[in-house]
Amino acid sequence: MLKKTLITVVGGLLTLTGAALIILPGPAWLLLPIGLAVLSLEYTWARYWLKKSQNHMSNTARWLDRKILLRKLKR
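About the thresholds
- Residues numbered from 1 in each chain as written.
- Predicted model: local features only at pLDDT ≥ 70, side-chain atom pairs only at ≥ 80, totals over all residues.
- Heavy atoms only, no water.
- Core = buried A, V, L, I, M, F, W, Y, C linked by side-chain atoms within 4.5 Å.
- Buried < 20%, exposed > 50% of the residue type's maximum accessible area, 1.4 Å probe, protein only.
- Helix = DSSP H or I, 4+ residues; strand = E, 2+ residues; numbered from the N terminus.
- Contact = heavy atoms within 4.5 Å.
- Phe/Tyr/Trp six-rings, centres within 6.5 Å; stacked < 30°, edge-to-face > 60°.
- Axes fitted to C-alpha atoms, helices over the stretch in contact; angles between N-to-C directions.
- Parallel < 35°, antiparallel > 145°, perpendicular 65-115°, else oblique.
- Left-handed = near helix turned anticlockwise from the far one by under 90°.
- Nonpolar A, V, L, I, M, F, W, Y, C, P; charged D, E, K, R; others polar.
- Expected span 1.5 Å × (residues − 1).
- pLDDT = per-residue confidence, 0-100.
- Patch = residues over 30% accessible without salt bridge, like charges linked within 9 Å, V, L, I, M, F, W, Y side chains within 5 Å.
- Areas by Shrake-Rupley, 256 points an atom, 1.4 Å probe, with all protein chains shown as cover.
- Salt bridge = Lys/Arg side-chain N within 4 Å of Asp/Glu carboxyl O.

## Some points on the nonpolar core
Stage number 1. Residues Leu-36, Leu-39, Tyr-43, Ala-46 and Leu-50 constitute the largest nonpolar core, which totals five residues.
Stage number 2. Counting residues per element, the ones that place at least two in this core are helix H2 (28-39) and helix H3 (44-74).
Stage number 3. Among all residues touching Tyr-43, those that are not within four sequence positions of it are Lys-4 and Thr-8.

## Quick notes on the packing of aromatic side chains
Each aromatic ring pair is described using two quantities: the centre-to-centre distance and the angle formed by the ring planes.
Stage number 1. Tallied over the full model, the rule gives two aromatic pairs.
Stage number 2. Ring centres 5.8 Å apart and planes at 35° place the aromatic pair Tyr-43 and Trp-45 in the tilted group.
Stage number 3. The interplanar angle of 80° and the centroid separation of 5.2 Å between the aromatic rings of Tyr-48 and Trp-49 together place this pair among those described as edge-to-face.
Stage number 4. Assessed through its relative accessible area of 44%, Trp-49 is described here as partly exposed.

## Here we look at the packing of helix H1 (residues 2-23) against H2
Stage number 1. Two numbers describe how H1 lies on H2: the axes approach to 7 Å, and their chain directions differ by 155°. As judged from the angle between their axes, H1 and H2 are roughly antiparallel. Pair H1 / H2 crosses with left-handed handedness. Along its contact with H1, which presents Ile-7, Thr-8, Val-10, Gly-11, Gly-12, Leu-14, Thr-15, Thr-17, Gly-18, Ala-19, Leu-21 and Ile-22, the element H2 presents Ala-28, Trp-29, Leu-31, Leu-32, Ile-34, Gly-35, Leu-36, Val-38 and Leu-39.
Stage number 2. Partitioning the contact of H1 with H2 into residue classes produces 14 nonpolar, seven polar and no charged.

## Structural notes on H1
One turn of the α-helix equals 3.6 residues, which is why residues spaced by three or four share an orientation.
Stage number 1. For H1, which comprises 22 residues, the first-to-last C-alpha distance of 32 Å matches the rise-based estimate of 32 Å (1.5 Å per residue) to within 8%.
Stage number 2. Residues of H1 that are buried include every one of Ile-7, Gly-11, Gly-12, Thr-15, Gly-18 and Leu-21, and no others.
Stage number 3. As for H1, its buried residues are in contact with H2.

## Remarks on the confidence of the model for the chain
Stage number 1. The predicted model of the chain has a mean per-residue pLDDT of 92, with 100% of residues at 70 or higher.
Stage number 2. Between the elements of the chain, mean pLDDT differs from a low of 91, seen in H2, to a high of 93, seen in H1.

## Things to note about a nonpolar patch on the surface
Stage number 1. Together, Ile-22, Ile-23, Leu-24 and Trp-29 give the surface a local cluster of nonpolar side chains, amounting to about 520 Å² of exposed area.
Stage number 2. Residue placement: Leu-24 occurs in the loop between H1 and H2.

Written out as structure tokens, the structure reads:
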């Protein structure tokens, strides 16, 4: 029970801090996945959102890579 409580508190704080840093200046996109990863140790809903955010970040990175490559090819 203590383990689940500790995971919930630490993961919750990391996730909430990351969510606050979306609006405030800071590394939101670093803290959010770390918080979800901690929470996913105990909660299936956190695992779902972690996988969804990882998929979104991968798609965004691929999109950005294509944009950079196209810009280099146009030069």
